[in-house]
Amino acid sequence: MPKAYITDIDGTLTDNNRRLSLSAVAEIRRLIDCEIPVVLASGNTVCFLDGLSHMIGTKGAIIAENGGVYRNGYLEEKYIVGNKNLCMEAYKKIIDELKPKGEELRLFSAEYRFSDIAFSRDISVETARDIIKNTGVEAVDTGFAIHLHTPNISKGAAFEKLARLMGLKTADFLCTGDSVNDVEMLKLSGISVTPANGSTEAKSVACCITEKPFGEGVADALKKYF
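Rules and cut-offs
- Residues numbered from 1 in each chain as written.
- Predicted model: local features only at pLDDT ≥ 70, side-chain atom pairs only at ≥ 80, totals over all residues.
- Heavy atoms only, no water.
- Salt bridge = Lys/Arg side-chain N within 4 Å of Asp/Glu carboxyl O.
- Helix = DSSP H or I, 4+ residues; strand = E, 2+ residues; numbered from the N terminus.
- Buried < 20%, exposed > 50% of the residue type's maximum accessible area, 1.4 Å probe, protein only.
- Contact = heavy atoms within 4.5 Å.

## Overview of the pattern of salt bridges
Argument step 1. For the structure shown, the criterion picks out ten salt bridges.
Argument step 2. The partner of K59 in a salt bridge is E35, and the shortest N-O contact between them spans 3.5 Å. Placement of the pair is K59 in the loop between helix 2 (46-56) and strand 3 (61-64) and E35 in the loop between helix 1 (22-33) and strand 2 (38-41), with a sequence separation of 24 residues.
Argument step 3. Since its relative accessible area comes to 59%, E35 is described here as exposed.
Argument step 4. The partner of K212 in a salt bridge is D220, with the nearest N and O atoms 3.5 Å apart.
Argument step 5. A relative accessible area of 30% means that D220 is categorised as partly exposed.
Argument step 6. In the salt-bridge network here, residues are joined through shared partners; they are D8, K155 and D182.

Written as structure tokens, this is what we have:
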């Protein structure tokens, strides 16, 4: 049986409307009650993850901003990697390119971010990459937002560092994730699970693809492996 559990949130524990699966939450709480460490990993902000972690009942181990921030508990040190200012400069370059064309983007929670910039998927990630090439900033489309971050930042890189802080190996974890930004986490974990709605990239590296989509599939996997 795995010693710990790490999971993406959007599209994994939630559906396309971002409604949290109560079945998945119930299974995660069962793990918590059995003293199995649980890590929430997301492209979202630390404050979002803190709220969700408290409501679910974890001890606050998180990976936020797609690996730009990680922490091993509510009162533990928060590790920040990356360069938010450089990402904001790249975002402004995208805006300057789009404004003459009458296109607009929406920033997501920029004031609460420490490492990256996230904005609405009103342009393709390929367009964003073309505009910001040679800026030292990369773009990734998570299916819910486009994120700009500096190189060598990923959920997988943060996962390796956080596992060491927890006194564990990444192979000790069961990981659930649905998107391209979850691929490195899935590859590093001992057991990797992608719900039926998962991306082609996630499914290609997962040990198990659930029959059900979203959190209902995750709940079934947690029952099976824990």
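## A word on helix 2
Argument step 1. Taken together, the buried positions of helix 2 are occupied by V46, L49, D50, L52, S53 and I56.
Argument step 2. Where the residues of helix 2 are buried, they touch helix 1, strand 2, strand 3, strand 4 (69-72) and strand 5 (78-80).

From the geometry alone we can't say anything about function, so treat these as descriptive.
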